[in-house]
Amino acid sequence: MQFACVFIDHLPVKAEVQRTPALVGRPVLLANGSGAHRVVVDASPLATGVVSGMPLSEALSLHKGAVLVEPDPVHYRSLFDHVLNAIEALGADVEAEELGQAFVSLTGLALLHGGQDRLLAALLAAVPAHLTPRIGVGPNKFVATLAARQAAPGDVYHAPADLVQFLTPLPVELLPVPWRTIARLRGYGLRTLGNVAALSP
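Presented here is a report on the structure given in the accompanying data block. Computed from a predicted model, the values in this text were never measured in an experiment.

## Focus: the overall build of the chain
Right, so step 1: The number of helices and strands found in the chain is nine helices and eight strands.
Right, so step 2: By the compact-globule yardstick of 17 Å for 201 residues, the chain fits well, its C-alpha radius of gyration being 18 Å.
Right, so step 3: With the C-alpha coordinates of the chain rotated into their principal frame, the extents come out at 55 × 45 × 25 Å.
Right, so step 4: For the chain, the proportion of its 201 residues judged to be buried stands at 40%.
Right, so step 5: Long-range pairs, those at least 24 residues apart, make up 47% of the contacts in the chain with a sequence separation of at least 6.
Right, so step 6: If you sum the accessible surface of the chain, you get close to 10500 Å²; carbon and sulfur atoms cover 58% of it.
Right, so step 7: Positive and negative side-chain charges of the chain, numbering 14 and 16 respectively, have mean locations separated by a distance of 8 Å.

## Points about the side chain of arginine 134
Right, so step 1: Topologically, arginine 134 is positioned in strand S7 (residues 134-138).
Right, so step 2: A polar side-chain atom of arginine 134 sits 3.4 Å from a polar atom in the side chain of aspartate 9.

## A closer look at the side chain of aspartate 9
Right, so step 1: Within the secondary structure layout, aspartate 9 lies in the loop between strand S1 (3-7) and helix H1 (11-19).
Right, so step 2: Reaching out from aspartate 9, the side chain makes a polar contact with the side chain of lysine 14 at a distance of 2.8 Å.
Right, so step 3: Non-local contacts of aspartate 9, meaning those with residues more than four positions away in its chain, are made with Lys14, Thr132 and Arg134.

## With respect to the packing of aromatic side chains
Right, so step 1: Under the definition given, this model contains one aromatic pair.
Right, so step 2: Directly above the ring of phenylalanine 7 sits arginine 149, whose terminal nitrogen or CZ lies 3.9 Å from the centroid.

## Comments concerning H1
Right, so step 1: Restricting attention to buried positions, one finds in H1 the residues Leu11, Pro12, Val13, Lys14, Ala15 and Glu16.
Right, so step 2: Packing partners of the buried residues in H1 comprise strand S2 (28-32), strand S3 (39-43), strand S4 (67-69) and helix H3 (73-88).

## Some points on the pattern of salt bridges
Where charged atoms of side chains with opposite charge meet at close range, the side chains can pair.
Right, so step 1: Taken as a whole and judged by the stated rule, the model has eight salt bridges.
Right, so step 2: For aspartate 9, the salt bridge is made with arginine 134, and the minimal N-O distance between the two is 3.4 Å. Of this pair, aspartate 9 sits in the loop between S1 and H1 while arginine 134 sits in strand S7; the two residues are 125 residues apart in sequence, bridging distant segments of the chain.
Right, so step 3: Overall, arginine 134 belongs to the buried group, its relative accessible area being 15%.
Right, so step 4: Ionic pairing is found between arginine 38 and glutamate 70, a salt bridge with its closest N-O pair at 3.6 Å.

Rules and cut-offs
- Residues numbered from 1 in each chain as written.
- Predicted model: local features only at pLDDT ≥ 70, side-chain atom pairs only at ≥ 80, totals over all residues.
- Heavy atoms only, no water.
- Helix = DSSP H or I, 4+ residues; strand = E, 2+ residues; numbered from the N terminus.
- Rg over C-alpha atoms; globule rule 2.2 N^0.38 Å.
- Buried < 20%, exposed > 50% of the residue type's maximum accessible area, 1.4 Å probe, protein only.
- Contact = heavy atoms within 4.5 Å.
- Areas by Shrake-Rupley, 256 points an atom, 1.4 Å probe, with all protein chains shown as cover.
- Lys, Arg positive; Asp, Glu negative; His and termini not counted.
- Charge placed at Lys NZ, Arg CZ, Asp CG, Glu CD.
- Polar contact = N/O pair within 3.5 Å; in protein donor to acceptor, adjacent residues only side chain to side chain.
- Phe/Tyr/Trp six-rings, centres within 6.5 Å; stacked < 30°, edge-to-face > 60°.
- Lys NZ or Arg CZ within 6 Å of the ring centre and 35° of its normal.
- Salt bridge = Lys/Arg side-chain N within 4 Å of Asp/Glu carboxyl O.

Printed below as a string of structure tokens:
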């Protein structure tokens, strides 16, 4: 069985930039909470080193000139729902576990679209161009997710047959765990999935 992960990285930031073009070319931080407990929800690629879940104070220490934007989760959800509806219109059974990430089983569906390449092209076309989607293809959702993160914007990446070789060098930041867990792993010198996999249970 093959899965496709349709991945829109930094969907909240892209939505805000679309609404406010003056944000183009500037490091942008979206943060939730109040006072000392504010944490980053999303950050633009220009805010290097900043990840979701990081305390806002730490993010600002890295990028003092960053633009702070109040998140608008209702708008982001509405935008993503339009994407999901467009994908479903292709006849796909869509699973969306988090904002900006959806899974489609390619088994059978490719036949309806004249082959897998045409189906994947249709999936890319279902997403507005300004969201620059990426698609990853793999034998399960986890591998498809990691493959999507290796794809170029607006392109498709197929996970290679040798999954060990593919997964081993990838950074621990790609694990679906909280930021504090990532920080602890890196603190222990565990920087890649291969480092983590080499540990005994």
